[in-house]
Amino acid sequence: QVQLVESGGGLVQPGGSLRLSCAVSGNIFRLNVMAWYRQAPGKERELVASITSGGSTNYADSVKGRFTIFRDNAESTVYLQMYSLKPEDTAAYYCNAVHQYGMLYWGTGTLVTVSS
């Protein structure tokens, strides 16, 4: 059984930075893809960034050049480093994992608020 626990959210001013963490309990090596999604109030959940077990990454156009996803298999953690934050980045951020056998896992989310 895999559990995902996010942390690192909070209130930050525009232009600031945050690092989100997703701690994985279970075998991270069986997770083919890990990703961060976000959902702003009144909007649908959207993919922010993903990373495969091989290290290939993918980003939403809105965060390219500002966000970086990386995984530390030794620490069983996936990170989302966010720079140059904008008010429109305000959302609940969710960690997601796709198991090699197809199961899908979600964390409970961490809130990011970008405001002056």
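Given the structure is predicted, the values throughout are model-derived calculations rather than measurements.

S.K.: Give a detailed account of the overall build of the protein chain, specifying residues and quantitative values.
M.R.: Across its full length, the protein chain holds 0 helices and 11 strands. The C-alpha radius of gyration computed for the protein chain amounts to 13 Å, which stays within 12% of the reference 13 Å derived for 116 residues, consistent with globular compactness. Within the span of the protein chain, comprising 116 residues, buried residues form 43% of the whole. Excluding contacts between residues fewer than 6 apart, the proportion of contacts in the protein chain whose partners are at least 24 apart in sequence is 52%.

S.K.: Report on the pattern of salt bridges, specifying residues and quantitative values.
M.R.: All told, the structure shown has 4 salt bridges when counted by the stated rule. Between R66 and D89 there is a salt bridge whose closest N-O contact spans 2.8 Å. Of the two residues, R66 sits in the loop between β6 (57–59) and β7 (67–72) while D89 sits in the loop between β8 (77–82) and β9 (91–99), which places them 23 residues apart along the sequence. One exposure class covers both R66 and D89, and it is buried.

S.K.: Give a description of the state of the cysteines that names residues and reports values.
M.R.: Summed over all chains, the structure comprises 1 disulfide. Note on cysteine connectivity: C22 is disulfide-linked to C95, with sulfurs 2.1 Å apart. Judged by the torsion about the S-S bond (-85°), the C22/C95 disulfide is left-handed. In this pair, C22 sits in strand β3 (residues 18–25) while C95 sits in strand β9, placing the two residues 73 residues apart along the sequence.

Calculation rules
Residues numbered from 1 in each chain as written. Predicted model: local features only at pLDDT ≥ 70, side-chain atom pairs only at ≥ 80, totals over all residues. Heavy atoms only, no water. Helix = DSSP H or I, 4+ residues; strand = E, 2+ residues; numbered from the N terminus. Rg over C-alpha atoms; globule rule 2.2 N^0.38 Å. Buried < 20%, exposed > 50% of the residue type's maximum accessible area, 1.4 Å probe, protein only. Contact = heavy atoms within 4.5 Å. Salt bridge = Lys/Arg side-chain N within 4 Å of Asp/Glu carboxyl O. Disulfide = S-S within 2.5 Å.

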